[in-house]
Amino acid sequence: MIVVSTFWQSNFAPVEEMGEAVLVSNVNGAIPDDFPEGVYIRNGPNPLFGGLKSTNSMFGRSSHIWVEGEGMLHAVYFNKDSGGSWTICYNNRHVQTETFKLERGRQKPSFLPAIKGNSPAILSAFILNMLRFGKINKYISNTNVFEHSGKFYSIAESDLPQEIDIVTLETLGNWDINGAWKRPFTSHPKKAPVTGEMLIMGVDAKKPFFELGVISADGKRLLHKVDLNLSRCSLCHDIGVTQRYNVIIDFPLTLDLNRLIRGRPIGVMPRYGDANSVCWFDVKRSSAFHVFNCFEDGDEVIMWACRARGSIIPGPDLGLEKHEWFSRGFKHTRSVENNSDNPDGLFFSRAYEWRLNMTTGEVVERNLTGTEFSMDFPMINENVMGVKNQYGYSQVVDSTASSTSGMAKYRGLAKLYFEEPELGSSAEPLLSPSSEVSMKMMVGSSDSYTMKTLMYLSCLILQVYRVDTKKFSSEPVATITLPRRVPYGFHGAFMPLSSPRSTR
Ligand SMILES: [Fe+2]
């Protein structure tokens, strides 16, 4: 029997769908006149039937983990009328994958949890799910949203993107590039500079473990697909692109693998290369989920990413109590660079640079930020993706809060200056002590604006900050209170639209 748990509380708790977009009238301050029209849209887990599920049987127990909630899109629309007045609307809606529709049609949880639990229970869940529904697990499209060739997609890396009507948030179906890509699809596809082609990868638990693809700029054709012939599932989460190269990041994402594997975890491959043309580089033991940017500089390919000593995914045989291990991993420590297996500061993540020399094979590595704060969920102005950029943004983790809760709490934003001749690389934090979590995104074709959402216990505050070339503004220019709470989630983006009105 499948049991719906009730432990999901506070801002982890799911919310109901709005049903239709509503006008947002609670706005303090003013949206700037030169702010672009469009939609800020964010994805995240929002379990169907009200909570995570677990099951007990003769084979043992299996249960869902937080990331397995069904994807829900939260969209804030910015529309300017002919008189220059702003209209703001909010809507939310589940991403309706095939398995979502199946379970909703049955009006009860149907797929057995198949990620966490006793091994026999997980194996039996795989088999029973496959026998009953033709899939070993349900598909939850809950991680990111992206645009390609004027179309919009929701994605989680275990399956195909779901095309979304950006105005109504209706799910239009799988995007398999006209049948050419029928396997997992990364949550972080990258648009190549100049050509506009989209670089993707698909990591699977079965062979082929890692395939890389290039989609045409018009989104209609898969121009290239190659198996990298990796010998294991690598759990890669992000990928890099430059004008001529694809940058493959193969850091093992579980601590156990990190101990076992001493590989060459960064590979650079010509855009249309194959497994034999990848140039692999030896680097220090690291874990990096997310990339700021990659670009070419003479003989070198440079990657900037958020790098920690070890992975936040513990693996099955950690040998420590998990709560303590997580607490110590997020601990603020100035000795984050020791290479022992000491869990203190293991997840302390900083902006980091790898300079990969394509001629000599040499690597030069360095931290770009100090030990003042940990950061992840990086982003840049996407118009400079794949070419040298000057600024980057990331979320800042509140390390002091984590020491008591065992969970990382995002406290604000950091703006990074990658190129400050007199100072070297540096970062400027914008911290918000009252927030529980923040999501950030950048709007416009330059570094003109950063939008920041601050999550409180019972509502969502969306704040718009003006950002000049050097500093964050200290106060938001507009604070928008949304009509419904937005649970903790993952990635979001601002999509410029010429007619973003969402009322149906
Ligand atoms: Fe991600």
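This structure is a prediction, so every number in the text was calculated from the model and none was measured.

Engineer: I keep staring at the overall build of the chain and nothing clicks. Help me out?
Structural biologist: Secondary structure summary: the chain contains 5 helices and 34 strands in total. For the chain, the proportion of its 504 residues judged to be buried stands at 58%. In the chain, 61% of the contacts between residues at least 6 apart in sequence involve partners at least 24 apart. When the accessible surface of the chain is totalled, it reaches about 20,700 Å², and 52% of it is carbon and sulfur.

Engineer: Just to check I follow, could you spell out the sheet that holds strand 19 (residues 245-249) for this structure?
Structural biologist: Backbone-to-backbone hydrogen bonds pair the strands of a sheet. The strands run either parallel or antiparallel. In spatial order, the strands read 18-19-20-21; together these 4 strands make up an open sheet with antiparallel pairing. Of all strands in the sheet, those bounded by a partner on one side alone are strand 18 (239-241) and strand 21 (279-281). The mean angle between the axes of side-by-side strands here comes to 20°, regardless of whether they run parallel or antiparallel. Note: strand 20 (residues 266-270) against strand 21, 3 bridges, orientation antiparallel. By the bridge assignment, Gly267 is partnered in strand 21 with Trp280.

Engineer: What should I look at first to understand the sheet that holds strand 22 (residues 291-297) in this one?
Structural biologist: If you trace the 4 strands from one edge of the open sheet to the other, you get 22-23-24-25, paired in antiparallel fashion. Of all strands in the sheet, those bounded by a partner on one side alone are strand 22 and strand 25 (363-367). Ignoring strand direction, the axes of neighbouring strands in this sheet form an average angle of 15°. Bridge count for strand 22 against strand 23 (residues 300-307) is 6 bridges, and the pairing is antiparallel. Each residue of the ladder has a partner; that of Val291, found in strand 23, is Ala305.

Engineer: I would appreciate a short explanation of the coordination of the iron ion in the present structure.
Structural biologist: Within the protein, the iron ion binds to His188 (NE2), His237 (NE2), His290 (NE2) and His491 (NE2); these donor distances fall in the range 2.1 to 2.2 Å. Bound by 4 donor atoms, the iron ion shows angles of 89 to 163° at the metal and therefore irregular coordination geometry. Positions of the donor residues of the iron ion along the chain correspond to the pattern H-x48-H-x52-H-x200-H. One end of the pair, His237, is in the loop between strand 17 (222-227) and strand 18; the other, His290, is in the loop between strand 21 and strand 22, and 53 residues separate them in sequence. Overall, the relative accessible area of 12% leaves His237 in the buried class.

Engineer: Got a minute to help me understand helix 2 (residues 119-133) in this structure?
Structural biologist: At 3.6 residues per turn, the α-helix brings residues three or four places apart onto the same side. With 15 residues, helix 2 ought to run about 21 Å at 1.5 Å a step, and its terminal C-alpha atoms sit 21 Å apart, in line with that. Buried within helix 2 are the following residues: Ala121, Ile122, Ser124, Ala125, Asn129 and Phe133. Summarising the axial view, the buried residues of helix 2 lie within an arc of 165°, below the 170-degree limit, and thus occupy one face. Facing away from the buried surface of helix 2 by more than 90 degrees, the exposed residues are Ser119, Leu123 and Leu131. Looking at the buried positions of helix 2, the neighbouring elements they touch are strand 6 (60-63), helix 1 (98-106) and strand 9 (116-117).

Engineer: How should the side chain of Ser286 be read in this particular structure?
Structural biologist: For Ser286, the position within the fold is in the loop between strand 21 and strand 22. Within the local environment of Ser286, its side chain forms a polar contact with the backbone oxygen of Lys284, the two atoms lying 2.9 Å apart.

Engineer: Just to check I follow, could you spell out the environment of Arg484 for this structure?
Structural biologist: You can see Arg484 is positioned in the loop between strand 33 (478-481) and strand 34 (492-496). Arg484 gets classed as partly exposed once you look at its relative accessible area, which sits at 27%. Separated by 467 residues in sequence, Arg484 and Glu17 have C-alpha atoms that sit 9.6 Å apart. In this view, Arg484 contacts Val15, Glu16, Glu17, Met18, Tyr90, Asn92 and Leu460; residues no more than four positions away in its chain are not counted. At a separation of 2.8 Å, a polar atom in the side chain of Arg484 contacts the main-chain carbonyl oxygen of Glu16.

Engineer: Would you mind showing me how to read the pattern of salt bridges here?
Structural biologist: Pairing between side chains of opposite charge can happen when the charged atoms of each approach one another. Applying the stated criterion to the full structure yields 13 salt bridges. Across the salt bridge formed by Lys225 and Glu211, the nearest N and O atoms sit 3.7 Å from each other. One end of the pair, Lys225, is in strand 17; the other, Glu211, is in strand 16 (residues 210-215), and 14 residues separate them in sequence. Using a relative accessible area of 11% as the deciding quantity, one classes Glu211 as buried. One salt bridge connects Arg244 with Glu296, and the closest N-O pair in it is separated by 2.8 Å. Highlighted residues: Arg244 in the loop between strand 18 and strand 19 and Glu296 in strand 22, separated in sequence by 52 residues. Looking at Arg244, the relative accessible area reads 47%, which means it is partly exposed. A network of salt bridges, in which partner residues are shared, links Asp297, Glu300, Glu353, Arg355 and Arg366.

Engineer: Which parts of the structure should I look at to understand the nonpolar core?
Structural biologist: The nonpolar side chains of soluble globular proteins are, as a tendency, buried together. Phe210, Leu212, Leu228, Ile248 and Phe292 are the most contacted members of the largest nonpolar core, which has 32 residues in total. Every element with two or more residues in this core is listed here: strand 15 (198-203), strand 16, strand 18, strand 22, strand 23 and strand 28 (409-417). Those residues within four positions of Leu212 in sequence are excluded, and the remaining contacts are Trp181, Leu199, Ile200, Met201, His224, Lys225, Val226, Ile239, Asn246, Ile248 and Met269. In terms of nonpolar packing, the next biggest core, distinct from the first, is built from 18 residues, Tyr90, Ala478, Ile480 and Leu482 among them.

Engineer: Hey, could you run me through the side chain of Asn137 in this one?
Structural biologist: Mapped onto the fold, Asn137 is located in the loop between helix 2 and strand 10 (144-148). Ignoring anything within four residues of it in the chain, the contact list for Asn137 reads Glu68, Phe111, Leu112, Ala114, Ile115 and Asn129.

Engineer: Where do I start with the pairing of strand 7 (residues 71-80) in this structure?
Structural biologist: Working note: regular strand, side chains alternate between the two faces of the sheet. With 9 of 10 residues buried, strand 7 lies mostly within the body of the structure. One ladder, built from 8 bridges, connects strand 4 (residues 38-45) with strand 7; its direction is antiparallel. Counted as the bridge partner of Val39 is Tyr77 from strand 7. Of the strand pairs in this sheet, strand 7 and strand 8 (residues 86-94) are connected by 9 bridges, and their pairing is antiparallel. Bridged to His74 within strand 8 is Asn92. Hairpin connection from strand 7 to strand 8: 5 residues lie between these consecutive antiparallel strands, with Gly84 at a positive phi of about 90°.

Engineer: Would you take a moment to explain the pairing of strand 5 (residues 53-57) for this structure?
Structural biologist: Note: strand 5 against strand 6, 4 bridges, orientation antiparallel. When the bridges of strand 6 are listed, Thr55 appears paired with Ser62. Hairpin connection of strand 5 to strand 6: 2 residues between the antiparallel strands.

About the cut-offs
Residues numbered from 1 in each chain as written. Predicted model: local features only at pLDDT ≥ 70, side-chain atom pairs only at ≥ 80, totals over all residues. Heavy atoms only, no water. Helix = DSSP H or I, 4+ residues; strand = E, 2+ residues; numbered from the N terminus. Buried < 20%, exposed > 50% of the residue type's maximum accessible area, 1.4 Å probe, protein only. Contact = heavy atoms within 4.5 Å. Areas by Shrake-Rupley, 256 points an atom, 1.4 Å probe, with all protein chains shown as cover. Pairing = 2+ DSSP bridges. Axes fitted to C-alpha atoms, helices over the stretch in contact; angles between N-to-C directions. Donors = N, O, S within 2.8 Å, 3.2 Å for Na, K, Ca; no water. Tetrahedral: all angles 85-135°; square planar, octahedral: opposite > 155°, others 65-115°. Expected span 1.5 Å × (residues − 1). Arc of directions from axis to C-beta. Polar contact = N/O pair within 3.5 Å; in protein donor to acceptor, adjacent residues only side chain to side chain. Salt bridge = Lys/Arg side-chain N within 4 Å of Asp/Glu carboxyl O. Core = buried A, V, L, I, M, F, W, Y, C linked by side-chain atoms within 4.5 Å.

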